[in-house]
Amino acid sequence: MLIDDAPQAALEHARTARALGSRLAVVREAAGLTAYAAGESREAAAELRAFRRMSGSAEHLAVLADCERALGRPERALAMLDDPDVPRLDPAARIELLVVASGARRDLGDAAAAVALLEIAELDSPTVRPWTARLWYAYADALLAAGRPADATRWFTAVAAIDDGETDVEERLAELEPDNALEPDNATEPDEPVGVDRPEDATG
């Protein structure tokens, strides 16, 4: 109930639960996720690793990878792409891991690789899924870091068409559009596939 609006308070409850039931996987999971929400990356990683050992579930690999990024260890975040359980992740968890790994590539100064990591089949799917806005947003962000602001603007615009408040895309567009209005290649309008305003020409 508290994790979204009061993560620090949620963490205090989770720590109390951990003190009472540290041998329960669900308790360690709650402690890990609330610590992550509260910005306690080291504690979150320790708790989620304990959860994985106890439950056998790798569903939070992306959160673990993001904790490694926050701790200044992007190489460890990237290494999680080679985890043997990655092929068994559901699409949402796998895509979130790729989003984190793309950020880790940017941390290491390799913006082109950050873009390439997200050029997966799901990026061009005509069907909007719960994770589509996150994927498109991350791709736009990677394009911007790679020095492709016009392409980034097209993808941010596509995100704005489907986003339900999950991202800050409106603010990002407000920052980009005044600058991009001066660029000749920004005159191209995004393509319009049926049902989704999805750019078709920014990949590659």
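One structure accompanies this document, and this report is about it. Because the structure is a prediction, the values reported are computed rather than measured. (Residues numbered from 1 in each chain as written. Predicted model: local features only at pLDDT ≥ 70, side-chain atom pairs only at ≥ 80, totals over all residues. Heavy atoms only, no water.)

A word on the nonpolar core
Rules: Throughout, nonpolar core names a set of buried Ala, Val, Leu, Ile, Met, Phe, Trp, Tyr and Cys residues whose side chains join them through atoms within 4.5 Å. Three labels apply to residues, based on accessible area from a 1.4 Å probe with only protein chains included: buried if under 20% of the type maximum, exposed if over 50%, partly exposed otherwise in between. Numbering goes from the N terminus for both helices and strands, where a helix is a DSSP run of H or I of at least four residues and a strand is a run of E of at least two. Throughout, a contact is declared for two residues whenever any of their heavy atoms are within 4.5 Å.
By size, the foremost hydrophobic cluster in this structure holds 49 residues, and its most contacted members are Leu 135 and Phe 156. Here this core takes nine residues from helix α8 (residues 132–145), the largest share from any one element. Not counting chain neighbours up to four residues away, the residues in contact with Leu 135 comprise Ile 95, Leu 118, Ile 120, Glu 122 and Leu 123.

Observations concerning helix α2 (residues 25–37)
Our working definition: Helix span is expected to be 1.5 Å times the residue number reduced by one.
An ideal rise of 1.5 Å per residue puts 18 Å on 13 residues; α2 measures up with 18 Å between its terminal C-alpha atoms. If you check which residues of α2 are buried, you get Val 27, Arg 28, Glu 29, Ala 31, Gly 32, Thr 34 and Ala 35. Packing partners of the buried residues in α2 comprise α1 (7–21) and α3 (41–55). In the segment just after α2, Gly 39 is the residue with positive phi, at about 80°.

Comments concerning the packing of α2 against α3
We apply this condition: Every axis in this analysis is a line fitted to C-alpha atoms, fitted for helices over the stretch in contact. Angles between the N-to-C directions lie between 0 and 180 degrees. An angle below 35 degrees is treated as roughly parallel, one above 145 as roughly antiparallel, one from 65 to 115 as roughly perpendicular, and anything else as oblique. It is the rotation of the near helix from the far one that decides the hand of a crossing: anticlockwise by less than a right angle makes it left-handed, clockwise makes it right-handed. Gly falls in the polar group here, along with every residue not listed as nonpolar (Ala, Val, Leu, Ile, Met, Phe, Trp, Tyr, Cys, Pro) or charged (Asp, Glu, Lys, Arg).
One can describe the packing of α2 onto α3 by two numbers: an axis separation of 8 Å at closest approach and a directional angle of 155°. Here α2 lies roughly antiparallel to α3, going by the angle between them. In the packing of α2 onto α3, the handedness of the crossing is left-handed. Here Ala 25, Arg 28, Glu 29, Ala 31, Gly 32, Leu 33, Ala 35 and Tyr 36 of α2 come into contact with α3, specifically with Glu 43, Ala 44, Glu 47, Leu 48, Ala 50, Phe 51, Met 54 and Ser 55. Per-class residue counts for the contact of α2 with α3 are ten nonpolar, two polar and four charged.

Considerations on a negative patch on the surface
Condition: Patch building starts from residues that exceed 30% relative accessible area and form no salt bridge, then joins like charges within 9 Å and nonpolar side chains (Val, Leu, Ile, Met, Phe, Trp, Tyr) within 5 Å. Calculation of accessible area relied on Shrake-Rupley with a 1.4 Å probe; when residues are assessed, cover is drawn exclusively from the protein chains displayed. Whenever Lys or Arg places a side-chain nitrogen within 4 Å of a carboxyl oxygen from Asp or Glu, that contact is recorded as a salt bridge. Within this scheme the basic residues Lys and Arg register as positive and the acidic residues Asp and Glu register as negative, but His and the chain ends are omitted. We put the charge of a Lys on NZ, of an Arg on CZ, of an Asp on CG and of a Glu on CD.
Together, Asp 168, Glu 170, Glu 171 and Glu 177 make up a negatively charged patch on the protein surface. Assignment of secondary structure puts Glu 170 in helix α10 (residues 169–180).

Quick notes on α1
To keep things clear, this is the line we draw: When we speak of the arc, we mean the arc of directions from the helix axis to the C-beta atoms.
Helix length check: α1, at 15 residues, gives a terminal C-alpha distance of 20 Å against a target of 21 Å (1.5 Å per residue), a fit within 8%. The complete set of buried residues in α1 reads Ala 10, Leu 11, Ala 14 and Gly 21. Projected down its long axis, α1 shows its buried positions confined to an angular sector of 105°, all on one face. Turned more than 90 degrees off the buried face of α1, the exposed positions are His 13, Ala 19 and Leu 20. In the core, the buried residues of α1 are packed alongside α2 and α3.

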